[in-house]
Amino acid sequence: MNANVMQFSRVFWSSAVIAKKALFSWLNPSLWLMQLFTMSLFQIAMFWYIAQYVNPGQSLDYIIVGNAMQSIAYVAVFAVTNITGEEKESGTLPAVLVTPANRFAMFVGKAMFQVLNSMATVAVAFFYAIVVFGLDFSSVDLLTLAVVIAVTCFATVGFGLMLSSMGFYLRTTMVLANIFLFMGLLFCGVNFPVSDLPEFLQPISYAIPMTYGTDAARMAVEGASLTDPAIMSLLGSELLVAAVAVLIGYAIMLAFERLARRKGTLEMF
Amino acid sequence: MPRLRAMTASFRQQAFHFLSAPSWLIPNIIAPFVITMVVLLMYQEVTGPAILYAVLGGGMMGMWGNTLYASGYSIQSERWWGTIEAVLVVPSSLIWIIAGRTIWNALIGVVNGLLVLVIAVVAFGVPMDIADPFMFIVSFLMTMFSLAALGLLFSSAFVLTRQAGVLTNGLEFPIYVASGCLFPIILLPGWAHPLSMSLAPTWGIDAIREAAGFSPEDSIWATVLGASPDAGFILLDLAMVALLAIVYIAVAVILFRVVEKQARLTGELGRV
């Protein structure tokens, strides 16, 4: 039992370290910083200006917080979804899969750097939210907001891993990554409440962890504490949805791996 | 004549690439489509022309998104496939090869734009009452031409970097903001106006909106003149589109020469 846990931890850690090294071996750190500091700024600006044009004079805090949270999609959804696709395009997926290492530890480990990256992205987004867009931060409960951000980053990366598992079978994950990168804007209550969506679309919103995260972040900015039952319920639901997504992703990964081996499509892209 | 032949062959090659994997249309269209849907849901309490304003902006974003992605990935894909050196050593200058691809991409961009328009109109029942259909089509086509020129300019810059994909993703929202696709650029801070006005699509969407029947008070000319113009400025908009397109092409020609030389000197063109 102990040996298994140790081996799991070792694979998890080495995958996390390799993923970080691999990222910076092709991505110039200055470009990474540029992404970190510009993505959220322009996403918030886009909807901030639209909202100003549509409803001049109304408070824009709803949109600012929603987009600050949603800015992690580039990292937690787009980058994580592409993990398997990139292995395939680099020609390394078969080599990775013939190792006896635990698949779950390996792929969750690969996504871990993106959790940290997501947290940095949201922190920068909230900086812009306050300094550039004038978010009212006077009543914020900082501890609650920090916990909400951390939970949302883990949960969204978990959701990204579920999407990534489909890369074992699909020719490319890029299409899927692009779809879900922007779907959050529509489904997760970022710019308008989920209740504004047609009723038949609302279940999709509640199957995405970000929906709970954006609501919880708004409550934290308004001063709700961690002991607030509404916050606890939102964070609990978010973690539950993320855990289900990771488990579904793992099941899909195993099934698609078998299917791809049988059909000989593991290297097809 | 050999240059034209190279351009035509490159156009055909790009078409075959597209037809072999048309699902690549999805990444180009998804952002403009989703953002248009989001804006229409934000506009729920607003009716009439404001909705058409958003839909036309979404169409323009569709064309924009395609130009950006296609120009970024047309070079990057050659790197991944290991064929970029072969493309550079052929006797035709790189600009003619990229031009053929860019023209195909601009055509697909128009399909993107029209798809966003049609889906938004069908899904939200937006009435497409176009005041001047002839000028609307002319504006659409001229904007397409200017986007092809801009794609050429972007491509020249992307030749030198192996991170064109990252730059492409990073430029998407800044360009949507700067071109005022979904809101008048007068809302932007004053220092950003020259940047917006240096983008042909800013003038293109202005012309398209005027042809659709929008009053000139939200026009880019209101920003330029500081007051609402008395009459439409559609021809001036289109003149600006043409002028900027010519400037983009001229700069692209110079840049391609520099970039080709630089790529041969450093020998790092194929570095993935």
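What counts as what
Residues numbered from 1 in each chain as written. Chains lettered and ligands numbered in written order. Predicted model: local features only at pLDDT ≥ 70, side-chain atom pairs only at ≥ 80, totals over all residues. Helix = DSSP H or I, 4+ residues; strand = E, 2+ residues; numbered from the N terminus. Rg over C-alpha atoms; globule rule 2.2 N^0.38 Å. Buried ≥ 20, exposed ≤ 12 C-beta atoms within 10 Å, placed from the backbone. Contact = placed C-beta atoms within 7 Å. pLDDT = per-residue confidence, 0-100. Expected span 1.5 Å × (residues − 1). Axes fitted to C-alpha atoms, helices over the stretch in contact; angles between N-to-C directions. Parallel < 35°, antiparallel > 145°, perpendicular 65-115°, else oblique. Nonpolar A, V, L, I, M, F, W, Y, C, P; charged D, E, K, R; others polar. Left-handed = near helix turned anticlockwise from the far one by under 90°. Core = buried A, V, L, I, M, F, W, Y, C linked by C-beta atoms within 7 Å.

Enquirer: I would appreciate a short explanation of the overall build of chain A in the present structure.
Expert: Along the backbone of chain A there are 11 helices and 0 strands. Each helix (α) and strand (β) of chain A, taken in turn from the N terminus, gives the series α-α-α-α-α-α-α-α-α-α-α. Its C-alpha radius of gyration of 19 Å places chain A within 12% of the 18 Å reference for a compact globule of 269 residues. In terms of principal-axis extent, the alpha carbons of chain A reach across some 60 × 40 × 35 Å. Looking at the 269 residues of chain A, the share that counts as buried comes to 47%. Here the contacts in chain A between residues at least 6 apart in sequence split such that 84% fall between residues at least 24 apart.

Enquirer: Which parts of the structure should I look at to understand the overall build of chain B?
Expert: Helix and strand content of chain B: 11 helices and 0 strands. Put simply, chain B runs from its N terminus to its C terminus through helices and strands in the order α-α-α-α-α-α-α-α-α-α-α. Radius of gyration (C-alpha) of chain B: 19 Å, near the 19 Å computed for a compact globule of 272 residues. Taking all 272 residues of chain B together, the buried fraction comes to 48%.

Enquirer: Would you take a moment to explain the interface of chain B and chain A for this structure?
Expert: Accessible area lost when the parts come together is the quantity often used to give the size of an interface. In this complex, chain B contributes 27 residues to the contact, which on the side of chain A involves 29 residues. Where the side of chain B that touches chain A is concerned, the elements lending two or more residues are helix 2 (25-42) and helix 7 (164-178) of chain B. When residues of the side of chain B that touches chain A are assigned to their parent elements, the largest contribution, 11 residues, is made by helix 2 of chain B.

Enquirer: Would you mind going over the confidence of the model for chain A with me for this structure?
Expert: Interpreting fine coordinate detail is not advised for predicted regions of low pLDDT. For chain A, mean pLDDT is 89; residues scoring 70 or higher make up 99% of the total. Looking over chain A, one finds the lowest element-wise mean pLDDT in helix 5 (residues 93-97) of chain A, namely 81, and the highest in helix 10 (residues 209-221) of chain A, namely 95.

Enquirer: Explanation requested: helix 1 (residues 2-26) of chain A in the structure shown.
Expert: One turn of the α-helix equals 3.6 residues, which is why residues spaced by three or four share an orientation. Between the first and last C-alpha of helix 1 of chain A there are 37 Å, a value that for 25 residues agrees with the 36 Å anticipated at 1.5 Å per step. Residues of helix 1 of chain A that are buried make contact with helix 6 (103-131) of chain A.

Enquirer: In this structure, what is going on with helix 8 (residues 174-187) of chain A? I would like to understand it.
Expert: Residue and element names in this part refer to chain A. For helix 8, spanning 14 residues, the distance from its first C-alpha to its last is 20 Å, which sits close to the expected 20 Å at 1.5 Å a residue. Of all the 14 residues making up helix 8, 10 are buried; the element is thus mostly covered by neighbouring parts of the structure. Backbone geometry just after helix 8 places Gly189 at a positive phi near 65°.

Enquirer: What exactly am I supposed to notice about the packing of helix 7 (residues 142-165) of chain A against helix 10 of chain A here?
Expert: Two packed helices can be described by the angle between their axes and the distance between those axes. Residue and element names in this part refer to chain A. Across the interface, helix 7 lies against helix 10 with an axial gap of 9 Å and an inter-helix angle of 170°. Between helix 7 and helix 10, the angle is such that the two are roughly antiparallel. Of the residues in helix 10, those in contact with Thr144, Leu145, Val148, Val151, Thr152, Ala155, Thr156 and Phe159 of helix 7 are Pro209, Met210, Gly213, Ala216, Ala217, Ala220 and Val221. Grouping the amino acids of the contact of helix 7 with helix 10 by side-chain chemistry returns 11 nonpolar, 4 polar and no charged.

Enquirer: Whenever I open this one, the packing of helix 4 (residues 73-90) of chain A against helix 6 of chain A confuses me. Can you help?
Expert: Residues and elements named next belong to chain A. Between helix 4 and helix 6, the least distance of the axes is 9 Å, while the angle of their chain directions is 160°. Classified by the interaxial angle, the pair formed by helix 4 and helix 6 is roughly antiparallel. In terms of crossing hand, the pair formed by helix 4 and helix 6 is right-handed. Contact with helix 4, carried on its side by Val75, Ala76, Ala79, Val80 and Ile83, involves Phe107, Lys110, Ala111, Gln114, Asn117, Ser118 and Thr121 of helix 6 and no other residues of that element. In terms of residue class, the contact of helix 4 with helix 6 is built from 7 nonpolar, 4 polar and 1 charged.

Enquirer: Just to check I follow, could you spell out the environment of Gly170 of chain B for this structure?
Expert: By the element assignment, Gly170 of chain B lies in helix 7. Along the primary structure Gly170 of chain B and Gly151 of chain B are separated by 19 residues, whereas in three dimensions their C-alpha atoms are 16 Å apart.

Enquirer: Whenever I open this one, the nonpolar core confuses me. Can you help?
Expert: Generally speaking, soluble globular proteins have nonpolar side chains that are buried together. In this structure, Ile44 and Ile50 of chain A are the most contacted members of the largest nonpolar core, which totals 160 residues. The element that contributes the greatest number of residues to this core is helix 3 (residues 49-81) of chain B, accounting for 15 residues.

Enquirer: How do you make sense of the environment of Val111 of chain B when you look at a structure like this?
Expert: Mapped onto the secondary structure, Val111 of chain B falls in helix 5 (residues 94-124). Put simply, Val111 of chain B and Ile29 of chain B are 82 residues apart on the chain and 9.6 Å apart in space, counted from C-alpha to C-alpha.

Enquirer: I tried to follow the environment of Ala125 of chain A on my own but got confused; where do I start?
Expert: Residues and elements named next belong to chain A. For Ala125, the location among the structural elements is in helix 6. According to the C-beta neighbour criterion, Ala125 is buried, with 26 such atoms within 10 Å. Along the sequence, Ala125 and Met69 sit 56 residues apart, while their C-alpha atoms lie 7.6 Å from each other. Setting aside residues up to four positions removed in sequence, Ala125 forms contacts with Ser40, Ile44, Ala68 and Ser71.

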